[in-house]
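Structural overview
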Amino acid sequence: MSSSASGGMPLVHAVNVHKSFGSVEVLKGIDVDVHAGEVVCLLGPSGSGKTTFLRCINQLETIQGGRIWIDGELAGYREKNTKGGRRLYRLKNKEIAAQRREIGMVFQRFNLFPHMTALENVMEGPVKVQRRPKGQMREEAMGLLETVGLGDKSSAYPGQLSGGQQQRVAIARALAMQPKLMLFDEPTSALDPELVGEVLQVMRDLAAQGTTMIVVTHEMAFARDVADRVVFMDGGVVVEQGDPAEVINSPSHKRTQAFLSRLRSEHEQVAKAAADLV
Amino acid sequence: MPASTEEAGSPPSREGGGGASPTDRPGPIDAVPVRHPGRYVAVAIIAMLAAMIISSFVTNERWDFPYAFRVMNYTPVLEGLLKGTIIATLGSMAIGITLGVVIGIMRLSDNPVLRVVGFLYTWFFRGVPRLVLVILFGTGIGYLYPTFDIGPLPFSQQLAEWLGLSSDLTLFSLNVNQISSTLIWGIIAMGLSEAAYMAEIARAGIMSVDDGQREAAAAIGMGPGLGMRRVILPQAMRVIIPPTGNETIAMLKDTSLLAYLPLATELFFQTQAIGNRTLKIMPALTAATMWYLVLTTVLMIGQFYLERHFSRGYGATRAQSKSATLRSRLIGLSEGGAK
């Protein structure tokens, strides 16, 4: 079931997704489509459910309602016809792991394997999961580290790298699996401000190469410049979505306006404080 | 001294110092360290006590160190050391660690059956004293189950009786008392007991690994088993190794319980026998004590290198000062303790 752009079926097709933690409903019916080659940024205040939704796409969270299709394949379940009608059958752990192989994920706190060097981190998935030959993979992994600007750090352990460098290794690790889709969960939120740029630059390059990306972020400039579409979430629902410049510059919804103006006034305060220092 | 007061006198202004060139860097601080007069007193007292003890070793003939050293080298003692102490320690720790990690993982499983089985195992083997277990296995099994009968089905013998068959369906049977030895039962008993403690250590180690690691392993498509082997366990080892070293040393000493199995090829059994025979009980005990200390020292050094292996990737400073770190680990004496 490969869906090229000609197929018209979106790469990610999420319908009426519901998710609760205990009695707290975090996602209250999310409908989002992402097409191959698209870059979509999920925006919204913290607690709006955007990170949870991203994790649901990769089945790090199980959803309680709705469906998510990845490249035409239902995530986490198999749907079969029975006498009583169509029924869902939960997939085995192995089958879920196989589905995750198609999706690369970059975490807010990097989550590199601390007992492996940068190169070993990148090679781990392809060699141990996809069983690709080690020698060939070593060269490919070196190439990936070079594309994220860390060719000289291949033998460094994560503990010897800065946050920005760690996050770039994490991006290379995800890319090494040759995923159809890349998920970024606030990839720059745990970084010192001066390290944010290098990670965003790698992501810009990826977007320019046509990688399908879903990015949860607070970097409005990145969203405006790079995203094909932004999705604004609040309180577990999609409030509005559309062209990034339109949503960010002239939001139609009150909650979007409030969020963006709060963000702007924070930015102005920071800029003012910086100006006072000089 | 005058130089240091001058530097202390000039307050923080960084660019001050009147166009200081890089060559004007202040020299290293030359300060009088805090004096610890108490330490000198303590050293003097300890030295005197040590001298008194050592002199008693030489003057008190009841210690009889020459005889103790001879006992250490007797063939039966060396055989007991090899089989009943070294092999028993290695064997029971091998069983204990392997089974312990499996049970530790079981106790953290999503599967309720595995969780309960793991709990019951730990409950039983942690609840029965090792000495009791050792005697229970050493003498009890051969009495309760003199033969192991292997049949085609579970409950074959009962089934045959119930169906009124002439044969009892046993394919072949093993004579337990012929194939087993007290050493093997001792190793099994100690290994099973150890697994209960190792399970708790492994469980703590696995739980100490950040959840993000599990998620990262899942995100590159690893199933739970592969993620456990490649990502979680290697990191858990850092937490598991130090208490395991502790357990190994404790096990080394607990092998002396095998003397009560009774196992004759065992260090403590042999030294006691020699002491009883020659009426030189103290020198014989001293011989055993010294062997235990030698082996414990070897284990502590081994533990240091294991720990260093599994801490790769954590703290770049460790690999640099190898000898200093070994010394500080073993006796807690390092000058730069605050580093």
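What counts and what doesn't
- Residues numbered from 1 in each chain as written.
- Chains lettered and ligands numbered in written order.
- Predicted model: local features only at pLDDT ≥ 70, side-chain atom pairs only at ≥ 80, totals over all residues.
- Heavy atoms only, no water.
- UniProt positions renumbered as here; feature names shortened; annotations may be inferred.
- Helix = DSSP H or I, 4+ residues; strand = E, 2+ residues; numbered from the N terminus.
- Rg over C-alpha atoms; globule rule 2.2 N^0.38 Å.
- Buried < 20%, exposed > 50% of the residue type's maximum accessible area, 1.4 Å probe, protein only.
- Contact = heavy atoms within 4.5 Å.
- Arc of directions from axis to C-beta.
- Core = buried A, V, L, I, M, F, W, Y, C linked by side-chain atoms within 4.5 Å.
- Pairing = 2+ DSSP bridges.
- Right-handed = clockwise from strand over helix to strand, strands pointing away.
- Buried area = accessible area lost by both parts, 1.4 Å probe.
- Salt bridge = Lys/Arg side-chain N within 4 Å of Asp/Glu carboxyl O.
- Phe/Tyr/Trp six-rings, centres within 6.5 Å; stacked < 30°, edge-to-face > 60°.

Per an unreviewed UniProt entry, chain B carries the name Polar amino acid transport system permease protein and comes from Marihabitans asiaticum. In its Sequence similarities (unreviewed entry) section, the UniProt entry covering chain B states "Belongs to the binding-protein-dependent transport system permease family."

As annotated in an unreviewed UniProt entry, chain A carries the name ABC-type polar-amino-acid transporter and is attributed to Marihabitans asiaticum. As stated in UniProt under Sequence similarities (unreviewed entry), the record for chain A gives "Belongs to the ABC transporter superfamily." Note on chain A: under the UniProt heading Subcellular location (unreviewed entry), the record states "Cell membrane".

Take the overall build of chain A next. A tally of helices and strands in chain A yields nine helices and twelve strands. Relative to a compact globule of 278 residues, whose C-alpha radius of gyration would be 19 Å, chain A shows 20 Å and is just as compact. Principal axes of the C-alpha set define a box for chain A whose edges measure 75 × 55 × 40 Å. Out of the 278 residues belonging to chain A, those deemed buried represent 53%. Of the contacts made within chain A by residues no fewer than 6 positions apart, 63% connect residues no fewer than 24 positions apart.

What UniProt calls "domain: ABC transporter" (unreviewed entry) maps, in this numbering, to residues 12-260 of chain A. The annotated region residues 12-260 of chain A carries 37% helix and 29% strand content, and the separation between its end C-alpha atoms amounts to 27 Å.

A few words now on helix H2 (residues 93-100) of chain A. All of the buried residues along H2(A) are A:Ile96, A:Ala97, A:Gln99 and A:Arg100. Relative to the axis of H2(A), the buried residues are bounded by an arc of 160° and lie together on one face. Here the buried face of H2(A) lies against strand S5 (73-74), strand S7 (85-90) and strand S8 (103-106) of chain A together with helix H11 (211-219) of chain B.

Right, let's talk about the nonpolar core for a bit. Judged by nonpolar contacts, the single largest core of 52 residues is most densely connected at A:Leu145, A:Ile171, A:Phe184, A:Met203 and A:Met213. Non-local contacts of A:Leu145, meaning those with residues more than four positions away in its chain, are made with A:Ala118, A:Leu119, A:Val122, A:Leu150, A:Gly151, A:Ser154, A:Val169 and A:Ala172.

What follows is about the pairing of strand S9 (residues 181-185) of chain A. All names here are of chain A. Counting buried positions over the five residues of S9 gives five, a clear majority of the element. Judged by which residues are buried, S9 turns out to be covered on both faces: Leu181, Leu183 and Asp185 on one side and Met182 and Phe184 on the other are all buried. One ladder, built from four bridges, connects S8 with S9; its direction is parallel. Bridge pairing links Ile103 to Leu181 in S9. For the segment spanning S9, helix H6 (residues 193-208) and strand S10 (residues 213-216), crossover handedness is right-handed.

With the exception of glycine, the majority of residues adopt a negative phi angle, and the majority of peptide bonds are in the trans configuration. In this model, B:Leu261 is joined to B:Pro262 through a cis peptide bond whose omega is 0°. Considering the arrangement of structural elements, one finds B:Pro262 in the loop between helix H12 (224-254) and helix H13 (267-278). With phi around 55°, A:Arg131 is a residue other than glycine that occupies positive phi space. Within the secondary structure layout, A:Arg131 lies in the loop between helix H3 (118-129) and helix H4 (134-147). Exposure remark for A:Arg131: the relative accessible area of 68% places this residue in the exposed category.

All names here are of chain A. On the basis of which strands lie adjacent, the open sheet formed by four strands has the order S2-S1-S4-S5 and antiparallel pairing. Strands at the two margins of the open sheet, each flanked by one partner only, are strand S2 (24-34) and S5. Bridge analysis of strand S4 (residues 65-70) against S5 gives two bridges, and the strand direction is antiparallel. Paired with Trp69 across the bridge in S5 is Leu74.

With that settled, consider the UniProt feature "transmembrane region" (unreviewed entry) in chain B. Residues and elements named next belong to chain B. Taking the numbering used here, the UniProt-annotated feature "transmembrane region" (unreviewed entry) corresponds to residues 40-60, 80-106, 127-145, 179-199 and 284-306. Taken end to end, residues 40-60 comprises 95% helix and 0% strand; its first and last C-alpha atoms sit 30 Å apart. As annotated, residues 80-106 has a helix share of 100% and a strand share of 0%, and its two end C-alpha atoms lie 36 Å apart.

Here we come to the interface of chain A and chain B. Each side of the interface is counted separately: chain A has 25 residues, and chain B has 22 residues. Of all residues in chain A, the largest losses of buried area upon contact with chain B belong to A:Phe113, A:Pro114 and A:His115, amounting jointly to 28% of the total for that side. On the surface where chain A and chain B come into contact, there are two salt bridges. For the salt bridge of B:Arg230 with A:Glu124, the shortest nitrogen-to-oxygen distance reads 2.6 Å.

Moving on, we come to the packing of aromatic side chains. Evaluation of the coordinates by the stated rule reveals nine aromatic pairs over all chains. Measuring from centroid to centroid gives 5.4 Å for A:Phe232 and A:Phe259, while their planes differ by 45°, and the two rings are tilted. Here A:Phe232, found in strand S11 (residues 229-234), pairs with A:Phe259, found in helix H9 (residues 254-277); they are 27 residues apart in sequence, far enough to count as distant. Of the two residues examined, A:Phe232 and A:Phe259, each falls in the buried class. Their ring planes at 20° and their centres at 5.5 Å tell us that B:Trp63 and B:Phe65 sit as a pair that is stacked.

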